[in-house]
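Chain by chain, the residues run as shown.
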Amino acid sequence: QLHIVESGGGLVQPGGSLRLSCAASGFGLDNYAIGWLRQAPGKEREGVSCISSIGGRTNYADSVKGRFTISRDNAKNTVYLQMNSLKPEDTAVYYCAVRTLECDYGLGEADYWGQGTEVTVSS
């Protein structure tokens, strides 16, 4: 049975950092492109970042480029999202998404995702 768990969210002050983790069981994340999406209160879910299944190519939304870094550790079957220089507008529930389509098809693609982890950026 496929299972994804996101973790690492929390309350952080503007300018602070968090590292989100996406751990999987029942299947290997390394077989798929993996994305991070977020949904802020009252807004639609949006794609934040993606890492390809082969080669580790990465893509980012313009709003997070230069501040967020996506990476994967295949030995741990985990994908990370390092978030630096956080802003209040980064406040959202963040979801890890397994994709059958590679990152070239856009950041919003998601075939399977977890329950999400909440990130609040506030002073």
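Scroll up to find the structure.
Below or above, wherever it landed, is the structure these notes cover.

### Focus on the pattern of salt bridges
Stage number 1. In total, this model carries 5 salt bridges according to the counting rule given.
Stage number 2. Salt-bridge contacts for R38 lead to D90; the nearest nitrogen and oxygen are separated by 2.9 Å. Here D90 lies in the loop between β8 (78–83) and β9 (92–99) and R38 lies in strand β4 (residues 33–39), a separation of 52 residues in the sequence. Both residues of the pair, R38 and D90, count as buried.
Stage number 3. The salt bridge involving D90 is made with R67; its shortest N-O contact spans 2.7 Å.

### Things to note about the sheet that holds strand β7 (residues 68–73)
Stage number 1. Taken in spatial order, the 4 strands of this open sheet run β1-β3-β8-β7, and their pairing is antiparallel. Single-partner strands in this sheet number two, and they are β1 (3–7) and β7. Pairwise comparison of adjacent strand axes, ignoring direction, gives a mean angle of 15° for this sheet.
Stage number 2. Sheet topology note: the β7/β8 ladder contains 6 bridges and is antiparallel. Each bridged residue has a counterpart across the sheet, and for T69 the counterpart in β8 is Q82.

### Some details on the nonpolar core
Stage number 1. Core analysis: the largest hydrophobic core is formed by 32 residues, its most contacted members being L29, W36, F68, V79, L81, M83 and Y94.
Stage number 2. Beyond its immediate stretch of four places on either side in the chain, L29 contacts C22, A24, I34, R72, N77, T78, V79 and V98.

### Observations concerning the pairing of β7
Stage number 1. The side-chain alternation of β7 yields one buried face, formed by F68, I70 and R72, and one unburied face, formed by T69, S71 and D73.
Stage number 2. In textbook terms, the turn of a hairpin is the stretch between consecutive antiparallel strands, and for β7 and β8 this stretch comprises 4 residues, one of which, N77, has a positive phi near 55°.

### Digging into the state of the cysteines
Stage number 1. For the coordinates displayed, the defined rule picks out 2 disulfides.
Stage number 2. Here C22 connects covalently by a disulfide to C96, the sulfurs 2.0 Å from one another. Taking the sign of the S-S torsion, -65° for the link of C22 and C96, the bridge is left-handed. Within this pair, whereas C22 is found in strand β3 (residues 18–25), its partner C96 is found in strand β9, the two being separated by 74 residues in sequence.
Stage number 3. At a sulfur-sulfur separation of 2.0 Å, the disulfide partner of C50 is C103. Taking the sign of the S-S torsion, about -75° here, the bridge from C50 to C103 comes out left-handed. Note that C50 is positioned in strand β5 (residues 46–51) and C103 in the loop between β9 and β10 (112–113), a separation of 53 residues in sequence.
Stage number 4. Of the residues examined, C103 reaches a relative accessible area of 5% and is grouped as buried.
Stage number 5. When the bonded cysteines of the protein chain are numbered from the N-terminus onward, they pair as 1-3, 2-4.

The rules behind the values
- Residues numbered from 1 in each chain as written.
- Predicted model: local features only at pLDDT ≥ 70, side-chain atom pairs only at ≥ 80, totals over all residues.
- Heavy atoms only, no water.
- Salt bridge = Lys/Arg side-chain N within 4 Å of Asp/Glu carboxyl O.
- Helix = DSSP H or I, 4+ residues; strand = E, 2+ residues; numbered from the N terminus.
- Buried < 20%, exposed > 50% of the residue type's maximum accessible area, 1.4 Å probe, protein only.
- Pairing = 2+ DSSP bridges.
- Axes fitted to C-alpha atoms, helices over the stretch in contact; angles between N-to-C directions.
- Core = buried A, V, L, I, M, F, W, Y, C linked by side-chain atoms within 4.5 Å.
- Contact = heavy atoms within 4.5 Å.
- Disulfide = S-S within 2.5 Å.

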